[in-house]
Amino acid sequence: MKEIVIISGKGGTGKTSFCAALAQHLQDDLVVADCDVDAADLHLIFEPHNSLATDFYSGVLAHIDPLRCIDCGICAEKCRFDAISNASGQYTVDAVDCEGCGYCYHLCPENAISLKEQMVGQYMSSETRFECTLVHARLGIGADNSGKLVAKVKAIAKDTAKDQGKSYLIVDGSPGIGCPVIASLSGADYVIMVTEASQSGVSDLRRIWELVKMFQIPGALIINKADINPTVTKQLHSFAKKEKILLLPEISYSDDFPKAISMGQSILETNPARWQPVISEIWKAIKERI
Amino acid sequence: MRLAIASGKGGTGKTTLAVNLAIKAKEKQSCLLVDLDVEEPNGGIFVQGDLVAEHEARRAIPDWDAAACTLCGKCPSWCLYNALIKLGDTILVMPNLCHSCYACSEMCPASALAMKPDSLGTITHRRFEGLDFVESRLEIGLEQASPLISQSLAYIDEHLEKHDLQILDSPPGTACAMVSAVKQADFVILISEPTPFGLHDLKLAVQTVRELGIPFGAVINRDGIGNDEIYGYLKEEKIPLLAKIPHQRRIAELYSQGAMLYKEIAEIDEALEDILSYIGRLR
């Protein structure tokens, strides 16, 4: 089983649309993991059903028992995240600012502080209308455990792929280069980067590629909206050549992408005559490499 | 006035809006633009200008002192991030897992875990035709964006005098990084696009800013693609629609070149006027 991660650095370059098309192209020989856990969208196309949902607990939140608190203020003074204050006349913990380090719990001379396990999200394993299993998740608002949830989603998806005897695990990653992306990359066999022919696309691709190189994972590049700026597309070509990134067939600017999303479809369903040959050519090139 | 521009979904036009709004706003008021999308900052593509200051942002992580350590084994049990591991007669520090809470350092009975500075990224201050522009850039390979975002906001409060308008370009998503960027804002503009993806992620962003208790409004970009569902949602939820930006291939082309859009596209100039006058009425 090979694990292929789709990332972009920049948001909105077509990662999810490409991922849906690829999943449909591979028919039933894969499991898909939606690892963009704080803005997961694949389910809008996959229509998951018969979901098996599990609550995800990670990290703790401090709580001060007002009956035990003697207002000494040590916790507030030592908290590096300024999460404790007595603005209300009573020492309380701000749930948004608390990082769950537990330092205050150890410091409190009256044992007035307890640490509560936090339910920060939910992960689901679902059947889909594409014959493949989708493992996806929902992260709670403002949660800082997205990396851990991504790792969980990937682990479940990997086990599922092995159990079902599938050849591929396709992972839809999140934008950026931080913790959820790092968690998506860890253990991957191959990376497909989807960028767009814009200055921002180039800048973000350079940063994400630096990160991918740290993991020593081979990568391929798809340039989306390649025709909107031929100069930038040329720059991307030479960057790929210099960095030994496999250049996949490019995609030209097309309203089929938003159209497909609006209909809850993959681009292969919205306009098969145009996209079937492109996706199949892209997949052929990737398959040769892995 | 601190205005944050955020979105659930990536690539909906946050940076485009932030940059164009800032350049236009500075014609009539003092304005500061801050790029807090520290993982992938792009404001600098559109705003260059002269370097005023460059600051290396650092955080503190524990540095294990083998000679002082008594190997009592308490620190790994205190660290809830699993950033400290006892391996035989060694304490390993995992910098990427550390949240700089100082618990291990300050509680160590042998004072064997002094905190030392560790690079987080850079904060750059530039000035472009009267606009102050601060960009923060996370070091590649680091996992946590939030500490750099908080430091960038502290840097602005400390080093820059008050501007009439501060515009914060936030990271995408609704997780900790986005919350760190918007939580101290007076008003948040959520920018999205009229597709089911855009609507779904907008709803998450709305939930987030509502939970934070910050007033907000919406801007819809690429009006004309997708469907009208998002407008129905805004109406139903009584969320003010500040402006619509039309879907045009020409806009994508200009953006791809790093051009200032409102100077070329009349509809964008009008949209910015509408947004600025809405913001003006809030004061």
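Residues numbered from 1 in each chain as written. Chains lettered and ligands numbered in written order. Predicted model: local features only at pLDDT ≥ 70, side-chain atom pairs only at ≥ 80, totals over all residues. Heavy atoms only, no water.

## With respect to the packing of aromatic side chains
No. 1: The full count for this structure, using the stated rule, is 6 aromatic pairs over all chains.
No. 2: An angle of 70° between the planes, with centres 6.3 Å apart, marks the rings of Phe 56 of chain A and Tyr 123 of chain A as edge-to-face. Here Phe 56 of chain A is found in strand S3 (residues 49-64), whereas its partner Tyr 123 of chain A is found in strand S6 (residues 113-127), with 67 residues between them in sequence.
No. 3: Above the face of the Tyr 102 of chain B ring, Arg 80 of chain A is positioned so that its terminal group lies 3.3 Å from the ring centre. (Phe/Tyr/Trp six-rings, centres within 6.5 Å; stacked < 30°, edge-to-face > 60°. Helix = DSSP H or I, 4+ residues; strand = E, 2+ residues; numbered from the N terminus. Lys NZ or Arg CZ within 6 Å of the ring centre and 35° of its normal.)

## Considering the pairing of strand S10 (residues 219-224) of chain A
Residue and element names in this part refer to chain A.
No. 1: S10 sits mainly inside the fold: 6 of its 6 residues count as buried.
No. 2: In S10, alternate side chains face the same way, and those of Gly 219, Leu 221 and Ile 223 on one face and Ala 220, Ile 222 and Asn 224 on the other are all buried.
No. 3: Looking at chain direction, strand S9 (residues 190-196) and S10 are connected through 6 bridges and run parallel. By the bridge assignment, Glu 196 is partnered in S10 with Asn 224.
No. 4: The β-α-β motif built from S9, the intervening helix H7 (residues 199-215) and the parallel element S10 has right-handed crossover chirality.
No. 5: In terms of strand pairing, S10 meets strand S11 (residues 246-247) through 2 bridges, oriented parallel. Looking at the pairing, Leu 221 lines up with Leu 247 of S11.
No. 6: In this fold, S10 hands off to helix H8 (residues 230-242), which returns the chain to S11; that crossover is right-handed. (Buried < 20%, exposed > 50% of the residue type's maximum accessible area, 1.4 Å probe, protein only. Pairing = 2+ DSSP bridges. Right-handed = clockwise from strand over helix to strand, strands pointing away.)

## Overview of the interface of chain A and chain B
No. 1: In this assembly, 57 residues from chain A lie in contact with 56 residues from chain B.
No. 2: For the pair chain A and chain B, the summed buried area comes to about 4900 Å², and 58% of that belongs to carbon and sulfur atoms.
No. 3: Counting the contacts that link chain A with chain B gives 5 salt bridges.
No. 4: Viewed at the interface, chain B and chain A are joined by 27 residue pairs in polar contact (both at pLDDT 80 or more).
No. 5: Those elements that provide at least two residues to the side of chain A that touches chain B are helix H2 (43-46), helix H4 (103-107), helix H6 (179-185), H7 and helix H9 (256-262) of chain A.
No. 6: The element best represented in the side of chain A that touches chain B is H7 of chain A, accounting for 9 residues.
No. 7: Class assignment for the residues of the side of chain A that touches chain B results in 26 nonpolar, 17 polar and 14 charged. (Contact = heavy atoms within 4.5 Å. Buried area = accessible area lost by both parts, 1.4 Å probe. Salt bridge = Lys/Arg side-chain N within 4 Å of Asp/Glu carboxyl O. Polar contact = N/O pair within 3.5 Å; in protein donor to acceptor, adjacent residues only side chain to side chain. Nonpolar A, V, L, I, M, F, W, Y, C, P; charged D, E, K, R; others polar.)

## Description of the sheet that holds strand S3 (residues 50-64) of chain B
Residue and element names in this part refer to chain B.
No. 1: An order of S3-S6-S7-S2-S8-S1-S9-S10-S11 is seen for the 9 strands of this open sheet, with the pairing classed as mixed. In this open sheet, the two edge strands, each paired with only one partner strand, are S3 and strand S11 (241-246). Direction aside, neighbouring strands of the sheet carry axes that sit 20° apart on average.
No. 2: Across 4 bridges, the pairing between strand S2 (residues 31-35) and strand S7 (residues 131-138) is parallel. Following the sheet pairing, Asp 35 is matched in S7 by Glu 135.
No. 3: Contacting strand S1 (2-6), S2, S3, strand S6 (113-128), S7 and strand S8 (165-169), helix H5 (residues 146-159) runs over the sheet at an angle of about 60° to S6.
No. 4: Running over the sheet, helix H10 (residues 266-282) touches S1, S8, strand S9 (187-192), strand S10 (216-223) and S11 and is turned about 170° from S11. (Axes fitted to C-alpha atoms, helices over the stretch in contact; angles between N-to-C directions.)

## Examining the nonpolar core
No. 1: One finds Ile 7, Val 153, Leu 185, Met 193, Ile 208 and Val 212 of chain A to be the most contacted residues of the largest nonpolar core, which totals 48 residues.
No. 2: Ranked by residues supplied to this core, first place goes to H7 of chain A with 6 residues.
No. 3: Those residues in contact with Met 193 of chain A, other than ones at most four positions away along the chain, are Ile 7, Leu 205, Ile 208, Trp 209, Ala 220, Leu 221, Ile 222 and Ile 245 of chain A.
No. 4: Listed in part, the 42 residues of the second largest apolar core include Leu 160, Met 178, Ala 181 and Leu 190 of chain B. (Core = buried A, V, L, I, M, F, W, Y, C linked by side-chain atoms within 4.5 Å.)

## With respect to the pairing of strand S8 (residues 168-172) of chain A
All names here are of chain A.
No. 1: Most of S8 sits inside the fold, with 5 of its 5 residues counted as buried.
No. 2: Relative to S8, strand S1 (residues 2-7) is paired through 5 bridges, and the arrangement is parallel. Bridge pairing in S8 places Val 5 opposite Val 171.
No. 3: Here strand S2 (residues 30-34) pairs with S8 via 5 bridges, running parallel. Bridge pairing in S8 places Asp 34 opposite Asp 172.

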